[in-house]
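Per-entry structural report
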Amino acid sequence: MTGHCNIRSLNPKRQLARRSVAILVLGFWWTRGDALAPSVSEARGWVQRTWVVMGTYLTVRVSHEDPAHAERVLDDVIGLVQDLDRRFTLYDPSSELWALNRHAGGPPVPVSEPLWDVLERAIAYSQETAGAFDVTVGPIVQLWGFLEGPRRIPSDEAIAQARARVGYTQIEMNPSHRTVRLATPGMVLDLGGIAKGYALDRAVERLRQAGFHHGFLNFGGDIYAMGASDGVDQPWTVVVRHPRRPDQTWRELRVRDMAVSTSGDYERFFVARGRRYSHILSPWTGRPVEADVVSVTVVTPSATEADALSTAFFVMGPERARTLVGSDRCRYVLWIRQQGNRLFEDSRSVWPPRSCPGTAVR
Ligand code: ADP
Ligand code: MG
């Protein structure tokens, strides 16, 4: 669970080995008393599979009544996520996102339904967070070496030049033709702050369509807890790790039909001149976020939202983000801050999460 200043290559496979998973799960399968266990849970089994996709691990576990059917549906789910990966990746010049980026400053480009959909959502979160979340951060992500390395501190001039190519208002969406135009030459869209969450929501949607309502999905630390952990009525237990001691639990939370996403300064970073530079960049300054916030965990019924907002809130800090959360909107947030060696929870946290009425899909 370390990031190092000497990582030269950030290709997804190497990243995998070094990434930590911010959150891990303990699924409590058993019911409280065997004698009282409802028969429906005894009839059910569980199937679990793990794949490598989007440069990390995706583990899906579902409760089923027919293992063969469950296996087929899981094949379908991974096919769907692999398809999104192929479209959204910046690690493959033949991806749909690359094609769009290549046309920056040029004509509108027709895009697929998922790329359109994820961009629409990304722009909505940009608007809501006053640009703290911004998928046009690509030029500054590249400049600091977070895409392909080497990681480095760029000059002020280079930062200013890259920032001139950043700004979500430069994404022109034309719904009648489903085309997207990147208005400024040299723009680079980077979906790293939203793609996993979006893929989780699509996966959950597919599982529900196939009749699965209880399961657990862990996508490199972005979590979706579907239904009940015993297939009946017990919530899932998600462990939020200690940001500095990965083998220790910071908190446990019990959730159902909720997504959990953490953004922190310890996922990918480098240290130079005695300072820690994280892979979450402020679109306002063109620099890694500098704050005493160590991690922000967001819990909402939408994984897209949890992913985007955890990134956005890391940029905004608790004071600016406080109006965007609350149990009335079913958005929960846990801020962990550091002063000296002391870690503590910020009082502006809205925590612990409560169950929300209805089940949001995406
Ligand atoms: P992780 O991928 O570790 O779960 P995040 O969800 O916080 O972490 O996403 C971080 C990634 O999002 C970065 O690697 C980069 O690709 C992208 N990114 C960085 N800063 C921003 C930002 N301000 N807005 C949107 N995306 C960002
Ligand atoms: Mg995120």
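Residues numbered from 1 in each chain as written. Chains lettered and ligands numbered in written order. Predicted model: local features only at pLDDT ≥ 70, side-chain atom pairs only at ≥ 80, totals over all residues.

1. A few points about the pairing of strand S8 (residues 222-226)
Operational definition: Exposure classification rests on a simple neighbour count of other C-beta atoms within 10 Å of a residue's own: a residue reaching 20 or more is buried, one at 12 or fewer is exposed, and one in between is partly exposed. C-beta atoms are placed from the backbone. The helix count covers DSSP runs of H or I at least four residues long, the strand count covers runs of E at least two residues long, and both are numbered beginning at the N terminus. A pair of strands is treated as paired once DSSP finds two or more bridges between them.
With five of its five residues buried, S8 lies for the most part within the structure. Neither face of S8 is left uncovered, since the one carrying Asp222, Tyr224 and Met226 and the one carrying Ile223 and Ala225 both have all their residues buried. In this structure, the hairpin formed by strand S7 (residues 215-219) and S8 is closed by a connection of two residues, where Gly220 is found at a positive phi of approximately 55 degrees. Note that S8 and strand S11 (residues 258-264) share three bridges and pair antiparallel. For Ala225, the partnering residue across the bridge sits in S11 and is Met258.

2. Considerations on the sheet that holds S8
Under the convention used in this document: Only C-alpha atoms enter the line fits that serve as axes; for helices the fit covers just the stretch in contact. Angles between N-to-C directions range over 0 to 180 degrees. Whether two residues are in contact depends on their C-beta atoms, placed from the backbone: they are in contact if these lie within 7 Å.
Strand order in this open sheet of eight strands is S2-S3-S7-S8-S11-S16-S17-S18, and the pairing throughout is antiparallel. Edge positions in the open sheet fall to strand S2 (45-53) and strand S18 (342-345), since each of these has one partner strand only. Geometrically, the sheet is characterised by an average inter-axis angle of 10 degrees between neighbouring strands, direction not taken into account. Relative to strand S3 (residues 56-64), S2 runs antiparallel, the two being bridged by nine bridges. Opposite Arg49, over in S3, you have Val60 as the bridge partner. Across the sheet, helix H3 (residues 67-88) touches S2 and S3, and the angle it forms with S2 is around 20 degrees. Relative to strand S16 (residues 293-300), helix H9 (residues 303-321) is tilted by about 135 degrees, and along the sheet it contacts S8, S11, S16 and strand S17 (332-339).

3. Some words on helix H5 (residues 113-128)
Here is the rule: Here the expected length of a helix is defined as 1.5 Å per residue gap, with one fewer gap than residues. Along the arc lie the directions from the helix axis toward the C-beta atoms.
Between the first and last C-alpha of H5 there are 23 Å, a value that for 16 residues agrees with the 22 Å anticipated at 1.5 Å per step. Of the residues making up H5, those classed as buried are Leu115, Val118, Leu119, Arg121, Ala122, Tyr125 and Ser126. The buried residues of H5 occupy an angular sector of 165 degrees when projected down its axis, which confines them to one face. The exposed set on the far side of H5, more than 90 degrees from its buried face, consists of Glu113 and Gln127. Buried residues along H5 sit against H3, helix H4 (96-102), strand S5 (171-174), strand S6 (179-182), helix H8 (195-209) and H9. Two residues or fewer past H5, Ala130 is found with a positive phi of approximately 55 degrees.

Remember, this is a structural readout, not a statement about activity or role.
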